[in-house]
Amino acid sequence: MSAEATNPATPGPITPAAQRRRGRPRIDLRRLGRAALLGPAARDRLPDAIAHVAEAHRAHHPDADLDPLRRAYVLAESSHRGQMRKSGEPYITHPLAVTLILAELGAETTTLTASLLHDTVEDTEVTLDQVRAEFGEEVRYLVDGVTKLEKVDYGAAAEPETFRKMLVATGSDVRVMSIKLADRLHNMRTLGVMRPEKQERIAKVTKDVLIPLAERLGVQALKTELEDLVFAILRPEEYARTRELVLENSSRADDPLAEIAEEVRGVLREAGLQAEVQIRPRHFVSVHRVSRKRGEMRGADFGRLLVLVNEDADCYGVLGELHTCLTPVVSEFKDFIAVPKFNLYQSLHTAVARSDGQVAEVLIRTHQMHKVAEAGVIALGNPYAAPEAPSAEEQGDGARAADEERADPTRPGWLSRLLDWQEAAPDPDTFWSTLREDLAQDREITVFRPDGGTLGLPAGASCIDAAYAQYGEDAHACIGARVNGRLARLSTVLSDGDTVQLLMGQDPASEPSREWLEHAHTPVARIAITRWLAAHPAPAAPSEAPAATRRPAADGPAARPAAADVVVDRPGATVRLAGCCTPVPPDAITGFPVRGGVVTVHRVECAAVGRMKEAGRAEAGVRWGDTGECRVTLYAESFGRPHLLADLTEAIALEGVAIVSATVEPPSQQRVRHTYTLELPDAAHLPALMRAMRDVPGVFDVSRAQPQSATP
Ligand code: MN
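Remember, predicted model here, so these are calculated numbers, not experimental data.

Procedures and definitions
Residues numbered from 1 in each chain as written. Predicted model: local features only at pLDDT ≥ 70, side-chain atom pairs only at ≥ 80, totals over all residues. Heavy atoms only, no water. Phe/Tyr/Trp six-rings, centres within 6.5 Å; stacked < 30°, edge-to-face > 60°. Helix = DSSP H or I, 4+ residues; strand = E, 2+ residues; numbered from the N terminus. Lys NZ or Arg CZ within 6 Å of the ring centre and 35° of its normal. pLDDT = per-residue confidence, 0-100. Contact = heavy atoms within 4.5 Å. Expected span 1.5 Å × (residues − 1). Buried < 20%, exposed > 50% of the residue type's maximum accessible area, 1.4 Å probe, protein only. Arc of directions from axis to C-beta. Donors = N, O, S within 2.8 Å, 3.2 Å for Na, K, Ca; no water. Pairing = 2+ DSSP bridges. Axes fitted to C-alpha atoms, helices over the stretch in contact; angles between N-to-C directions.

So, about the packing of aromatic side chains. Scanning the model with the defined rule gives 6 aromatic pairs in all. For the pair Phe 231 and Tyr 239, a centre-to-centre distance of 5.7 Å together with 75 degrees between the ring planes defines the contact as edge-to-face. Considering the side-chain rings of Trp 421 and Phe 431, the 5.9 Å spacing of their centres and the 40 degrees angle between planes classify their relative orientation as tilted. Here Phe 431 lies in helix 22 (residues 428–440) and Trp 421 lies in helix 21 (residues 413–424), a separation of 10 residues in the sequence. Aromatic ring contacts, followed pair by pair, group Phe 231, Tyr 239 and Phe 284 into a single cluster. The side chain of Arg 164 reaches across the aromatic face of Phe 431, ending 4.8 Å from its centre. Positioned above the aromatic ring of Tyr 635, the side-chain terminus of Arg 673 is 4.7 Å from the ring centre.

Okay, here's the thing in C-alpha cells:
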C-alpha cells in the first residue's frame, strides 16, 4: 500500500495535519472528489468524474477514443473505493488528478488509461494480469513500471530499487516516467498533510531525482511547479521572502514588461509579422535565482516575454526586427533552434534594453516548439507510432547533423548512458548515490563530433568523459583527443560548443590509465574505469601504461615500463608514468602519491601538476633511474600518400624501436597525422628516431606529445 493510501478503518484518517495544508485546495479536485463519491455513472456513459479529463484530452486529440478511459476509471474507482487519502478525500481523486495533469499536457490515450490505473496494482486487489486482460500489454507495462517494490521484500533498498526498476522500464517506454512525474507532482501538491520530516524526505528525493528527470525529458511545466513546491518545503524562509518580492512587484503601478511587450507588438505589426506576444511570469525559484544573481530586482526581472509564431523561419524574422528596432543585449542571444539543447527544447533567446536600463528577456518560438517546451516527451503523442518522414526542405544540413540526444526522443542519449552504468552499479546504495550525483550535474554543454553528431555532457566534463559517453567501455582504447582541431590532453575540460575528436587505439587489449579517474566526472566513465581497475589489480612492479596499449610490436623488444626510478623519499613505492604528459628522460619530473602506495610521475610543466599542487597534494621526490628504456608518444604530420604508414613504421622498426600503438586520423586537407606510442630501448635515442621519421618522404613534422600549460 502506498504511503498516502489510508484505510478509513484505521484510526484517524483525517489528521490535524490536514489543516496545515499548504496552498489552497484545488477547486477541480474538490469537484472531482464529490463526483467520485457519487459513484460510477451508468454503464457506457462517461462518468462525470472524468469529464475534465475527457475535455482536456479531446482538446489535444479531438478524435481520441474515450472508452478505455471510461473503463479504466470504472475499475480504478471500484477497486479504490473505501480508501481515503490522508487529506480525507476519496483515494480515486489522486489518480484522477494525475490523469488530468497528463491530459492537459497533451498525453495520448494509453498514458491516460494507465495513469487512471497507476495505483491499483500497488494498493488494491487488481493484478497486472487483469490489467493486461482488460486493457492490453502496453497499459500493463506502464502500470507495472510505476508500481513500487514492497518494503517487505526489499527493506531499505525498496526506494532505490523502485527507481532503478522505473528507469529501466522508462528505457523501453518513456511514458512510464511521464506518469511517475505527474504522480509525484500531485503528491507534492498535497504533501501538507504529511509529517514535516516526511515532507522533507520526499521533497529531497523530488529535488535530487524527479526534477532533474523532468528537466531532461523536457517537461518544463511539471519541472517548474515541482521546483516551487520543493522550495517551499526545503527553504521556507527564502520561499516566504521571494513570495513577498513577487507580491510587492505585482502591486506596483507601472509594469515595464507590459510596456516593452506593447512596444514589441508594435514593432512586429509594422514589420507585418504575425506573432503573439505574452508575458510569462517567472516561477518563484526563478525569481529567487535572478534576485540572487542581480542583487536588486527591477520590474522587468519578474517575467519574460514570449513571442509565439507559426513557422520556424518567422523566429529569425522576429529576432531580426527586435535587434533592429530595439536595443538588443547581444550577450544574451542564444540559438536553441540551430544548436538544440540535450532535451527537446527549441527557442531563440535574446534580451532587449529600455532607455532606463531595464532589460527584458525574450523567448521566441513557434507554437509547436512551445508545446514541446512545456510538455517535452509527453507532447510526443504515442512515441511508438511511425514517425512522419521529414520533407525535403526540412531535411536540410542542420537536420542532417544527426543529433544523438534528439535522434530518438523516446530513448535520449543520457538515458541510455544512465541505463548502461546502472547495470554496472554493484549495489542499491551505489546506484542511489550515483544516480543522485549523475542527475545533479548540470547538463549544460553540448560538444560536437567531427561527423556532425553531438554529445550532451555535464559542465566540467573532460575528454575522458566524452570518450566513455561515445564509446562506452571501448573508450579504454582512447589514446588522445583533438579539441577544436588541436591536440589536447585527455584531461582537458570541455566547453559548450567544442568539437571533440577522440583518437582511438586499435588494440583490443587496451587499458585505461588509473589517473583517468582524476579527470572523469561522469558516472559512466567513473564506473567503467573503476570496474576495469578492480578487475585488473596493479602489479607490484612499476607498470602503468600511459593512455595507450601495452602490447609490443611482435618483432620489437618486449614492452617494459619506462624508466622513472624509485621514489627518492619513499623507497619501494610503485611508480607510474602519467598518461597525460608521458614523461621521458631527461624531462624534469615530479611525483604525487596516489592510492595503494603508488606514485604517479608527471612532467613538472604538466597541467595536472599545477592542479594537484593547488589542491594541496604533497609531492614526492622522483628522479630518473639508470635504465634507458622509455615510452613516448610522437605525432608525425605528413601529406597523405599511398604507403605512408608502411614507410613510417618501417623507419621506426629500422631504429630498433617497438610500436605500442599507432593511430592514423582521416586526412583533412591532404594532411594526415599519425600518432605513435613507442617504446625506445634507450631514451637518448629519441632525437635520432625523430630525425629518421622526418626523413620519410611526405613527413613535414615529428613532435612529441606536449603537456598542457599549467594555467587553470
Ligand atoms: Mn500515485
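For the protein, the average pLDDT comes to 79, and 79% of its residues sit at 70 or higher. A low-confidence stretch, residues 1–31 stays under pLDDT 50, and its non-local contacts, those more than four residues away or across chains, total 60 contacts. The low-confidence segment residues 540–565, where pLDDT is below 50, has 78 contacts with residues more than four positions distant or belonging to other chains.

With that settled, consider helix 14 (residues 236–250). The terminal C-alpha atoms of helix 14 lie 21 Å apart, and with 15 residues this matches the ideal 21 Å at 1.5 Å per residue to within 8%. The complete set of buried residues in helix 14 reads Glu 238, Thr 242 and Asn 249. Across the axial projection of helix 14, the buried residues extend over an arc of 35 degrees, all falling on one side. For helix 14, the exposed residues set more than 90 degrees away from the buried face come down to Glu 237 and Ser 250. Of the surrounding elements, those touching the buried residues of helix 14 are helix 13 (220–234) and helix 16 (284–294).

Before going further, it helps to spend a moment on the coordination of the manganese ion. Bound to the manganese ion are the protein donor atoms His 94 (NE2), His 118 (NE2), Asp 119 (OD) and Asp 183 (OD), situated 2.2 to 2.3 Å from the metal. Counting gaps between the donor residues of the manganese ion yields the pattern H-x23-H-D-x63-D.

This next bit is on the environment of Ile 50. Structurally, Ile 50 can be placed in the loop between helix 1 (27–37) and helix 2 (51–60). Judged by its relative accessible area of 1%, Ile 50 is buried. Sequence separation of Ile 50 and Leu 100 is 50 residues, and the distance between their C-alpha atoms is 8.6 Å. When sequence neighbours within four positions are dropped, the list of residues in contact with Ile 50 reads Leu 69, Arg 70, Tyr 73 and Leu 96.

Turning next to the pairing of strand 4 (residues 303–309). Within strand 4, 6 of the 7 residues are buried, which leaves the element mostly enclosed by the surrounding structure. Relative to strand 4, strand 3 (residues 276–281) is paired through 6 bridges, and the arrangement is antiparallel. Within the sheet, the bridge partner assigned to Val 277 lies in strand 4 and is Val 307. Note that strand 4 and strand 8 (residues 359–366) share 5 bridges and pair parallel. Across the sheet, Val 307 pairs through a bridge with Ile 364, a residue of strand 8.

So, on to the sheet that holds strand 13 (residues 500–504). On the basis of which strands lie adjacent, the open sheet formed by 3 strands has the order 12-11-13 and antiparallel pairing. On the outer flanks of this sheet lie strand 12 (486–488) and strand 13, each paired with one strand and no other. Looking at each pair of strands side by side, their axes are set apart by 35 degrees on average, direction ignored. Here strand 11 (residues 478–483) pairs with strand 12 via 3 bridges, running antiparallel. When the bridges of strand 12 are listed, Ala 481 appears paired with Ala 488. Its contacts with the sheet put helix 23 (residues 463–471) on strand 11 and strand 13, and the angle it makes with strand 13 is roughly 75 degrees.

Across the 6 residues of strand 16 (residues 589–594), 6 count as buried, placing the element largely inside the fold. With burial as the criterion, each face of strand 16 is covered, one bearing Ile 589, Gly 591 and Pro 593 and the other bearing Thr 590, Phe 592 and Val 594. Note that strand 16 and strand 17 (residues 598–603) share 6 bridges and pair antiparallel. Bridged to Val 594 within strand 17 is Val 598.

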